[in-house]
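Survey of secondary and tertiary structure
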Amino acid sequence: MMDSPDDILTLLPARLKEARRTQGLSLEAVANLSGVSRSMVSQIERGESSPTIATLWNLTRALQVDFAGLLDGEPASDRIEVIRTGDVPRIDKMGQGLRIRILSAPEEAGQHEVYELLFEPGGTLVSKPHTRGAREQLSVIEGTLVVNSGQATQTVNTGDTARYAADVTHSITASNAAARAFLVVRHA
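I will try to describe carefully the structure that is included in this document. (Residues numbered from 1 in each chain as written. Predicted model: local features only at pLDDT ≥ 70, side-chain atom pairs only at ≥ 80, totals over all residues. Heavy atoms only, no water.)

A closer look at the side chain of T55
Looking at where T55 falls in the secondary structure, it is placed in helix α4 (residues 53-63). By relative accessible area, T55 is classed as buried at 18%. With residues near it in sequence (within four places) discarded, T55 still touches V36 and I44. (Helix = DSSP H or I, 4+ residues; strand = E, 2+ residues; numbered from the N terminus. Buried < 20%, exposed > 50% of the residue type's maximum accessible area, 1.4 Å probe, protein only. Contact = heavy atoms within 4.5 Å.)

Structure representation (structure tokens):
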């Protein structure tokens, strides 16, 4: 983090502008997404106005950037975020005979989600339909899984990838052996 308020005020305009350009967004698009006027976004990027916390929060949400990350000393392109294995969030109460590790960033929930699935023999995950147009991609790392999507059923072996509709009831079940897979959920 920065050492003084002056450091923050010096760095913030460039970081916001960099984030907007990285996203390929115009000032108008950021204004529409954030609810902050176009002229205010421009003034903040030029360092002519200091945003309130509420304004900064709205801008970071619109730009899909980490609030604290904007204030770090090095640019985002010079950082690598590492989440150590013991710190990866898990879902333990979903499915049966299954552990789920959440690999995607929290701000991507409901958009693009990545999970590691660790099945015990016979373990299963049954999912209700996601949003209309949602799709899943399941890549099996070890073992054999049976995927059901609507009325379709496929067996997916080590090294195979299955892509299927997730806007219908769907399930993933391990055969009589343990299995490990990566699941990508893409919401429409």
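Here the narrative resumes, following the displayed structure.
Looking at the pairing of strand β6 (residues 152-157)
Relative to β6, strand β5 (residues 144-149) is paired through 6 bridges, and the arrangement is antiparallel. Bridge pairing links L145 to V156 in β6. Between the antiparallel neighbours β5 and β6 lie 2 residues, among them G150 with a positive phi of about 60 degrees. (Pairing = 2+ DSSP bridges.)

Regarding the packing of helix α2 (residues 27-34) against α4
Running from N to C, α2 and α4 point in directions that differ by 110 degrees, and their axes come no closer than 8 Å. By the angle between their directions, the pair α2 and α4 is classed as roughly perpendicular. Relative to α4, α2 is oriented so that their crossing is right-handed. Here V30, L33 and S34 of α2 come into contact with α4, specifically with N58, L59, A62 and L63. Partitioning the contact of α2 with α4 into residue classes produces 5 nonpolar, 2 polar and no charged. (Axes fitted to C-alpha atoms, helices over the stretch in contact; angles between N-to-C directions. Parallel < 35°, antiparallel > 145°, perpendicular 65-115°, else oblique. Left-handed = near helix turned anticlockwise from the far one by under 90°. Nonpolar A, V, L, I, M, F, W, Y, C, P; charged D, E, K, R; others polar.)

Quick notes on α4
Those residues of α4 that fall on the buried side of the exposure criterion are T55, L56, L59, T60, A62 and L63. The buried residues of α4 occupy one face: seen down the axis, they fall within an arc of 160 degrees. Along α4, exposed side chains directed more than 90 degrees from the buried face belong to I53, A54 and R61. A positive backbone phi angle near 55 degrees is found at Q64, which sits one or two residues after α4. (Arc of directions from axis to C-beta.)

Focus: the nonpolar core
Counting residues in each nonpolar core, the largest one holds 19 residues, and the members touching the most others are L117, F119, L138, L145, Y164, I172 and L183. Elements represented by at least two residues in this core include exactly β2 (96-102), β3 (112-127), β4 (135-142), β5, β7 (161-165), β8 (170-174) and β9 (179-186). Setting aside residues no more than four positions away along its own chain, I172 makes contact with L117, F119, G123, T124, L125, L138, L145, V146, Y164 and L183. Counting residues in each nonpolar core, the second largest holds 11 residues, with A19, L27, I44 and L56 among its members. (Core = buried A, V, L, I, M, F, W, Y, C linked by side-chain atoms within 4.5 Å.)

Considerations on the pattern of salt bridges
Applying the stated criterion across every chain, the model contains 5 salt bridges. Measuring nitrogen to oxygen at the nearest pair gives 2.6 Å for the salt bridge that ties E45 to R20. Here the residue E45 occupies a position in helix α3 (residues 38-45), and R20 occupies one in helix α1 (residues 5-22), the gap between them amounting to 25 residues. Overall, E45 belongs to the buried group, its relative accessible area being 10%. A salt bridge links R46 to E48, with the nearest nitrogen and oxygen atoms 2.6 Å apart. (Salt bridge = Lys/Arg side-chain N within 4 Å of Asp/Glu carboxyl O.)

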